[in-house]
Amino acid sequence: MTVILFNKPFGVLSQFTDKGTEGSPRPTLSAYIDMPGVYPAGRLDRDSEGLMVLTDDGKLQARIASPKFKRPKTYLVQVEGDPGKDQIAALKKGVTLKDGPTRPAKVRRIPPPELWERDPPVRYRKTVPDGWLEIAITEGRNRQVRRMCAHVGLPCLRLVRWSVGDWTLDGLGLGEWRRA
């Protein structure tokens, strides 16, 4: 069994080929990982960064991606606004999105983490504060963390998946991968 941990840069699709816009190729995993037979266990949006787990084991892939197994995924989230106690409490309790209620999340305020520079950089507005949250969820709905934050009035500026279960980005530079 092969397990790969990859630090996906902003703007990279979490697939090996792009059948999207013909004539304007978008970067995919194939620009970084040259290992046949491994596939992403779950997705990470093009505008999100951070840890992706790839494997050649279909059962492991299903266990990582399926919310049924409740494998925690932890995100470092830069939000627009100053996260208040009520907003954090709502995220911890779980919020109701258009596709139903979310499970409770583990949420805490954190100081700005030491991360790589993002290209393009996050927009900065002098008149609007921002803050950082660490959010751990056990689901993986489409754009779930972004939607949860927006639901409580904290639009997401930057989203970095730091860990999936016990696997983390520790020691992995942007665009780098290693065997787990």
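One can find the structure itself at the top, above this paragraph.
Everything in this summary refers to the structure shown in the same document. Being a predicted model, the structure only gives us computed values, none of them experimental. All residue numbers refer to positions counted from 1 along the written sequence of the respective chain. Totals for whole chains, interfaces and linings use every residue, but because this is a predicted model, local features are given only for residues with pLDDT of at least 70 and side-chain atom pairs only at 80 or more, for both listing and counting. Hydrogens are left out, water is left out, and the side-chain values use all remaining heavy atoms of the structure.

**Examining the nonpolar core**
The set of buried Ala, Val, Leu, Ile, Met, Phe, Trp, Tyr and Cys residues whose side-chain atoms join them within 4.5 Å is what this entry labels a nonpolar core. Categorising residues by exposure relies on relative accessible area from a 1.4 Å probe, with only protein chains included: less than 20% of the type maximum marks a residue as buried, more than 50% marks it as exposed, and the intermediate range marks it as partly exposed. Membership of the largest hydrophobic core comes to 29 residues, with the highest contact counts inside it found for Leu54, Val77, Leu133, Ile135 and Val145. Counting from the N terminus, the helices are DSSP H or I runs at least four residues long and the strands are E runs at least two residues long. Elements with a minimum of two residues in this core: strand 1 (3-8), strand 3 (49-55), strand 4 (73-80), helix 2 (85-93), strand 8 (130-137), helix 3 (144-151) and strand 9 (156-164). Val3, Ala41, Leu51 and Val164 belong to the second-largest nonpolar core, a separate cluster that totals 17 residues.

**A short note on the pairing of strand 9**
With respect to burial, strand 9 is a largely interior element, eight of its nine residues being buried. In this sheet, strand 9 lies alongside strand 3 in parallel orientation, the contact comprising two bridges. Across the sheet, residue Gly50 finds its bridge partner in strand 9, namely Arg161. Pairing between strands is defined by DSSP: at least two bridges between them are needed. The sheet contact formed by strand 4 and strand 9 spans seven bridges and is antiparallel. The residue of strand 9 that forms the bridge with Val77 is Leu159. Two strands pair when backbone bridges link them, and strand 9 and strand 10 (residues 167-168) are joined in this way by two bridges, in the antiparallel orientation. Directly across from Ser163, in strand 10, lies its bridge partner Thr168. Taken together, strand 9 and the strand that follows it, strand 10, pair antiparallel across an intervening segment of two residues, in which Gly165 is found at a positive phi of about 60°.

**Some points on the layout of surface pockets**
The method works on a 1 Å grid over the protein atoms by themselves. A cavity is a set of points holding a 1.4 Å probe that cannot get out, a pocket is an open set with protein on both sides within 12 Å along at least five of seven lines, and residues with an atom within 4 Å of a point line them. Grid points are joined across faces, edges and corners, and a volume is the space filled by probe spheres set on the points. A volume near 420 Å³ is recorded for the largest pocket. Surrounding the largest pocket, 24 residues form its lining, Arg43, Leu44, Asp45, Arg141 and Arg143 being those nearest its centre. Going through the elements one at a time, strand 4, helix 3 and strand 9 are the ones with two or more residues in the lining of the largest pocket. Split into classes, the residues belonging to the lining of the largest pocket amount to eight nonpolar, seven polar and nine charged. Considering only enclosed or pocket space, the second largest pocket measures out at about 210 Å³ in volume. Contributing to the lining of the second largest pocket are 13 residues, with Gln78, Glu117, Val122, Trp132 and Arg158 lying nearest its centre. Considering only residue class, the lining of the second largest pocket consists of seven nonpolar, one polar and five charged. All residues other than Ala, Val, Leu, Ile, Met, Phe, Trp, Tyr, Cys, Pro, Asp, Glu, Lys and Arg, Gly among them, are scored as polar; the first ten of these are nonpolar and the last four charged.

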